Amino acid sequence: MMNTKRFKPRAGSLSKSKNTLIVSATQGNSFESTPLFRSLCEQGYDGDVSLVTNNKLGLCKLYNKYIDSSYDAIFFIHDDVYIDSVNFVDKAFAGFKQFDVIGLAGGSNIKIEKPLLWHLMTNKDTWSGVVSHKVQNNTFLPTTFGPIGRPVILLDGLFLGVQPKKLKEKNVRFDEKIKGFHHYDLKFCVDCFQADLKLGTVPIHVVHESPGLREFSNSFKESEEYFYQQLKSYVKQ
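The structure reproduced in this document is the subject of the present report. Note that this is a predicted model, so its numbers are computed, not measured.

1. Here we look at the pairing of strand β4 (residues 73–77)
Then, in step 1: Judged by how many residues are buried, β4 sits mostly within the fold: five of five residues are covered.
Then, in step 2: Residues Ala 73, Phe 75 and Ile 77 line one face of β4 and the alternating positions Ile 74 and Phe 76 line the opposite face, and both faces are buried.
Then, in step 3: When strand β2 (residues 20–25) meets β4, the two strands line up parallel, connected through four bridges. When the sheet's bridge partners are listed, Leu 21 is paired in β4 with Ile 74.

2. Some points on the pattern of salt bridges
Close approach of charged atoms lets side chains of opposite charge pair.
Then, in step 1: Under the criterion given, the structure shown has eight salt bridges.
Then, in step 2: For Asp 175, the salt bridge identified is with Lys 187, shortest N-O distance 2.9 Å. With a gap of 12 residues between them, Asp 175 in the loop between α5 (164–170) and α6 (184–194) and Lys 187 in helix α6 connect regions that are remote in the sequence. Both residues of the pair, Asp 175 and Lys 187, belong to the buried class.
Then, in step 3: When salt bridges with common partners are traced through the structure, they connect Arg 38, Lys 134 and Glu 209 into a single cluster.

3. Description of the side chain of Thr 126
Then, in step 1: Summarising the element assignment, Thr 126 is placed in the loop between α4 (118–121) and β8 (128–136).
Then, in step 2: A distance of 2.7 Å separates a polar side-chain atom of Thr 126 from the backbone oxygen of Asn 123.
Then, in step 3: Aside from chain neighbours lying at most four places away, what touches Thr 126 is Gly 106, Gly 107, Ser 108, Asn 109, Arg 150 and Val 152.

4. Let's talk about the nonpolar core
Then, in step 1: Counting residues in hydrophobic clusters, the biggest one holds 68 residues, and the most contacted among them are Ile 22, Phe 75, Phe 76, Ile 83, Phe 174, Phe 188 and Ile 204.
Then, in step 2: When near neighbours in sequence (up to four residues on either side) are disregarded, Ile 83 contacts Leu 36, Ser 39, Leu 40, Gln 43, Ile 77, Phe 88, Ile 204, His 205 and Val 206.

5. Regarding the environment of Ser 233
Then, in step 1: With respect to the helices, strands and loops of the structure, Ser 233 is situated in helix α7 (residues 218–236).
Then, in step 2: Separated by 2.6 Å, the side chain of Ser 233 and the backbone oxygen of Gln 230 make a polar contact.

6. Remarks on unusual backbone geometry
Then, in step 1: Residues Lys 114 and Pro 115 are joined by a peptide bond in cis, for which omega reads 0°.
Then, in step 2: Tracing the sequence through the fold places Pro 115 in the loop between β7 (105–107) and α4.
Then, in step 3: Backbone geometry places Asn 87, a non-glycine residue, at a positive phi of 60°.
Then, in step 4: The residue Asn 87 is located in the loop between β5 (81–83) and α3 (88–96) in this model.
Then, in step 5: Despite not being glycine, Asp 196 has its phi angle at roughly 70°, a positive value.
Then, in step 6: Its place among the elements puts Asp 196 in the loop between α6 and β13 (199–201).

7. Some details on the state of the cysteines
Then, in step 1: With the rule as written, the count across this model stands at zero disulfides.
Then, in step 2: Of the cysteine sulfurs around Cys 189, a residue in no disulfide, the closest is that of Cys 192, at 6.2 Å.
Then, in step 3: Residue classification places Cys 189 among the buried positions, given a relative accessible area of 0%.
Then, in step 4: In this structure Cys 192 comes out as buried when scored by relative accessible area, which is 0%.

8. As for the environment of Lys 232
Then, in step 1: Inspection of the secondary structure assignment puts Lys 232 in helix α7.
Then, in step 2: Measuring from C-alpha to C-alpha, the distance between Lys 232 and Ile 112 comes to 7.4 Å, with 120 residues separating the pair along the chain.

9. Some points on α6
Think of an α-helix as 3.6 residues a turn; residues three or four steps apart then line up on the same face.
Then, in step 1: Counting buried positions along α6 yields nine of 11 residues, so the element is predominantly enclosed.
Then, in step 2: All of the buried residues in α6 are Tyr 184, Asp 185, Leu 186, Lys 187, Phe 188, Cys 189, Val 190, Asp 191 and Cys 192.
Then, in step 3: Count one or two residues on from α6 and you reach Asp 196, which has phi positive near 70°.

10. Focus on the side chain of Asp 100
Then, in step 1: Tracing the chain through its elements places Asp 100 in the loop between α3 and β6 (101–103).
Then, in step 2: If sequence neighbours within four positions are ignored, Asp 100 has contacts with Gly 161, Val 162, Gln 163, Lys 166, Asp 196, Leu 197 and Lys 198.

Rules used throughout
- Residues numbered from 1 in each chain as written.
- Predicted model: local features only at pLDDT ≥ 70, side-chain atom pairs only at ≥ 80, totals over all residues.
- Heavy atoms only, no water.
- Buried < 20%, exposed > 50% of the residue type's maximum accessible area, 1.4 Å probe, protein only.
- Helix = DSSP H or I, 4+ residues; strand = E, 2+ residues; numbered from the N terminus.
- Pairing = 2+ DSSP bridges.
- Salt bridge = Lys/Arg side-chain N within 4 Å of Asp/Glu carboxyl O.
- Polar contact = N/O pair within 3.5 Å; in protein donor to acceptor, adjacent residues only side chain to side chain.
- Contact = heavy atoms within 4.5 Å.
- Core = buried A, V, L, I, M, F, W, Y, C linked by side-chain atoms within 4.5 Å.
- Disulfide = S-S within 2.5 Å.

Any functional reading would require information beyond the geometric quantities listed.
Printed below as a string of structure tokens:
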């Protein structure tokens, strides 16, 4: 079920009421218990949010439902992400002055070797960004990949910020041939790069409250093989 609502900024919020939308999906039947929802309430986010519960759609198909909107910016964020930056929207728009697509962690110098995960596909010297991970109770540890603000080719899909106008100009969308929840972000980033859009990281601190990928499921392997073949075709061009 899709539910779009507008959050009210907390007292003293410095939000500038930009025309923004956050899109997030959960496979559960409630969004109120998710780290993302909790953080938006606490941070005083002032914008629209589309919260999709009981989600069965692949993220490419879901995200494309919003690409043609008139928002100045859309943030695609995983439901297990707690945003720990005050006025993160302002930080995002500062990043948009340099980049067309923003994220929190990524890298460049792609090598086409399985498994296709951004940190294994890219040269460590090109890594950029910081993401914290929950270890126990309310304790978290930051993982520093590299200097923030670097141009990259691949971004981690836990947080992606886009400007719909820029995507429309370059005719870039999420590839709906990817049906599940893996590699949608990497294929999207490569397509953006191929279209001469600039990608990079911004100084927004988040805590990723789940351990992430635990196994290479059949769904992972299917999207990985598709992405692998696409990458090889790019090299031949």
